[in-house]
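Overview (structure and organization)
Spelled out from the first residue to the last, the chains are:
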Amino acid sequence: RWHTKGEYFVICNTDLFLATTLPYYFKQTKLDSFKRQLNAYGFKGQYPIYHHPFFRLGNPELLYEIKRAPSRRGSSTSASQTISTGSSSSSMTDLASSSYHMYNPRK
């Protein structure tokens, strides 16, 4: 769920998150894999609370600024890869949008 100011998110129910949210939006289904992906994209925090300056409630346009950190293995790919390539962008946008609506239902 989102913190009330929308600056960070909290995984409140790990079992529910692993069973429903994670497999719906991402390929990985293990919490450790998800945490590694968060770290790779520059999210800060410690389980169960994470934040990123460009992952804000109500600001999906900022998601395109999230960049993957360079690989430590010396990969020949570019120094940074944006999250907007492939399906990751839509997954993050969908996750942010659904999280918003889940915790801020229409009145």
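The following paragraphs examine the structure supplied in this document. (Residues numbered from 1 in each chain as written. Predicted model: local features only at pLDDT ≥ 70, side-chain atom pairs only at ≥ 80, totals over all residues. Heavy atoms only, no water.)

**Examining the environment of G58**
Within the secondary structure, G58 sits in the loop between β3 (49–51) and β4 (67–68). By relative accessible area, G58 is classed as exposed at 54%. (Helix = DSSP H or I, 4+ residues; strand = E, 2+ residues; numbered from the N terminus. Buried < 20%, exposed > 50% of the residue type's maximum accessible area, 1.4 Å probe, protein only.)

**Brief notes about the packing of aromatic side chains**
One pass over the structure, following the stated rule, counts eight aromatic pairs. With centroids separated by 5.4 Å and ring planes inclined at 70 degrees, the aromatic side chains of F43 and F55 adopt a geometry described as edge-to-face. Pair noted here: F43 is in the loop between α2 (31–40) and β2 (44–46) and F55 is in the loop between β3 and β4, with a separation of 12 residues, a long-range link. Per residue, the accessibility class of F43 equals that of F55, and both read buried. By the ring-pair criterion, three or more aromatic residues cluster together here, those being W2, F9, F43, Y50 and F55. (Phe/Tyr/Trp six-rings, centres within 6.5 Å; stacked < 30°, edge-to-face > 60°.)

**Quick look at the sheet that holds β3**
Spatially, three strands are ordered β1-β3-β2 in an open sheet, and the strand pairing comes out antiparallel. If you trace the sheet from one side to the other, it starts and ends with β1 (8–10) and β2, each paired once. Ignoring which end each strand starts from, the neighbouring axes of this sheet average 15 degrees apart. Two elements, β1 and β3, share three bridges in a ladder whose sense is antiparallel. Paired with V10 across the strands is I49, a residue of β3. (Pairing = 2+ DSSP bridges. Axes fitted to C-alpha atoms, helices over the stretch in contact; angles between N-to-C directions.)

**A few points about the pattern of salt bridges**
The tally for this structure, following the rule as stated, stands at one salt bridge. Of the charged contacts in the structure, one is a salt bridge between K35 and D32, with a shortest N-O distance of 3.5 Å. Linking K35 with D32, this pair stays in helix α2, spanning three residues, or about one helical turn. Among the residues examined, K35 registers a relative accessible area of 22% and is labelled partly exposed. (Salt bridge = Lys/Arg side-chain N within 4 Å of Asp/Glu carboxyl O.)

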